[in-house]
Amino acid sequence: MLIENLRMSWKNVVHNKIRSALTILGIVIGVGSIIALITIVKGVTVDMTNDFASFKADRIVVTAIGTPSKMGLVHQDIESIEEIRNVDSVSPTVSGFTSIAANGTVKKEVGVNGKNDVYFSKNQDLIQTGRGINPLDIQSENKVTLIGSSIARELFYGQDPIGKDLLIGGMNFIVIGTLQQSHAFSSSSINEAVIIPYTTSMQLLGTNYIMAADVYMVDSAQSEKTTLAIETVLREAFKNQEEGFLLRNTQEMLSTINGMITTLSLLIAGIASISLVVGGIGIMNMMLVSVTERTAEIGLRKALGAQPKRIQQQFLLEAAFLSLIGGFIGVVCGVLAAFAICAFMGTSFLLSPSTVLLALGFSMTIGIVFGYAPARKASRLSPIEALRSI
């Protein structure tokens, strides 16, 4: 009997091609949305996690917001922080925007970052070719620079930029290194980066202040104590005006970011699920119409001895067929959409079997849940009342 019901259910789905196609479309959109969104979010999450993995727990980020009397940090503040117990080293950052030019090509409003040798010693996988900034470059305010992959490709296409001249803000710099390429969606993309010694950047950008610094600790287990010590130094530097600076522990930053990503993933999955529920409503609507159209058939089958559970089974199988067909098509569409979007954004494409099974299972559940009411209605029709419609 089950095989007969399967055959009849499939025949009814195929017989109403246009109506079945429109009903399946809602499931396709829902399943495709779930697959695509979860895959994209997972790829972005992994990429962001890898980026922030470089923000080791042994680092405290100092941001100088500034006050009317003190616009930022000075060298003396950096030295005071370096003297704190458990502080291994400090990497100041001086940032600004200016124009760069080489080989007749000019780029305006390019971000220039002033760093020191500590930055490169703590990020040894940052350099692709050449060398990083060393203490002599800092002390002598040398006009040397490292550039990102996009800058190197645009200004020195087909050439090795090492040793070449680069005009930065009208000043001549020598390229001493290139940076590793990062993916386009990276939260810390360095493809467009131009890095010079921070002492040189203060001269180039016309500033006497350092706006940020990365403080590296010897023992990350003492981060709370070290943070309090840095806060004491900065409070004294900013004359007890705590609004002049901000301290962030990278471990807390990672926890916050992971929490935000989890919330975003759940929100996106919920939004995608709404479209799948709408598809389920479409299945229920079609099945109700089908029950109405086939009232006489149901009455005749009951009059010939068909049990209500067999009739209910047939209509549930039809709903399951619709949801499964829509689910499989949705998986294919979702995978293709996710692959195209990930390729466009430059993020990792990470499709897991659990995502596919989740989407298919959800679509199947939606089909059965929304197909139950019409199936139950069909099974409870009175044979006499049904036969009167003939």
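To be clear, the structure that these remarks concern was listed above.
Rules and cut-offs
Residues numbered from 1 in each chain as written. Predicted model: local features only at pLDDT ≥ 70, side-chain atom pairs only at ≥ 80, totals over all residues. Heavy atoms only, no water. Helix = DSSP H or I, 4+ residues; strand = E, 2+ residues; numbered from the N terminus. Buried < 20%, exposed > 50% of the residue type's maximum accessible area, 1.4 Å probe, protein only. Areas by Shrake-Rupley, 256 points an atom, 1.4 Å probe, with all protein chains shown as cover. Polar contact = N/O pair within 3.5 Å; in protein donor to acceptor, adjacent residues only side chain to side chain. Patch = residues over 30% accessible without salt bridge, like charges linked within 9 Å, V, L, I, M, F, W, Y side chains within 5 Å. Salt bridge = Lys/Arg side-chain N within 4 Å of Asp/Glu carboxyl O. Arc of directions from axis to C-beta. Core = buried A, V, L, I, M, F, W, Y, C linked by side-chain atoms within 4.5 Å. Contact = heavy atoms within 4.5 Å.

A look at the overall build of the protein
Within the protein one finds 13 helices and ten strands. Counting only residues that meet the buried cut, the protein has 47% of its 390 residues in that class. Summing over all exposed atoms, the protein offers an accessible surface of approximately 19,500 Å²; the carbon and sulfur share of this is 61%.

Some details on the environment of Asn191
Structurally, Asn191 is set in the loop between strand S7 (171–179) and strand S8 (194–197). Sequence spacing of Asn191 and Ser150 is 41 residues, and the spatial spacing of their C-alpha atoms is 5.1 Å. Side chain to side chain, Asn191 and Ser149 meet in a polar contact 3.1 Å long.

Remarks on a nonpolar patch on the surface
Taken together, the side chains of Leu264, Leu267 and Ile271 present a nonpolar region at the surface, about 290 Å² in accessible area. Within the fold, Leu267 resides in helix H9 (residues 250–293). We classify Leu267 as exposed; its relative accessible area is 52%.

A word on helix H3 (residues 75–82)
Buried within H3 we find Asp77, Ile78 and Ile81. Seen from one end, H3 has its buried residues packed into an arc of 100 degrees, which puts them on one side.

A word on the nonpolar core
Counting residues in each nonpolar core, the largest one holds 35 residues, and the members touching the most others are Val62, Leu73, Phe120, Leu179, Val215, Ile230 and Leu234. Excluding anything up to four places from it in sequence, Leu234 contacts Val62, Leu73, Ile81, Phe245 and Leu247. Grouped together as the second largest cluster of nonpolar side chains are 17 residues, Val112, Ile151, Met171 and Leu204 included.

A look at the side chain of Ser150
Among the structural elements, Ser150 can be located in helix H6 (residues 149–155). When residues no more than four places from it in sequence are discounted, the contact partners of Ser150 are Asn191 and Glu192.

Nothing here speaks to function; it is all geometry.
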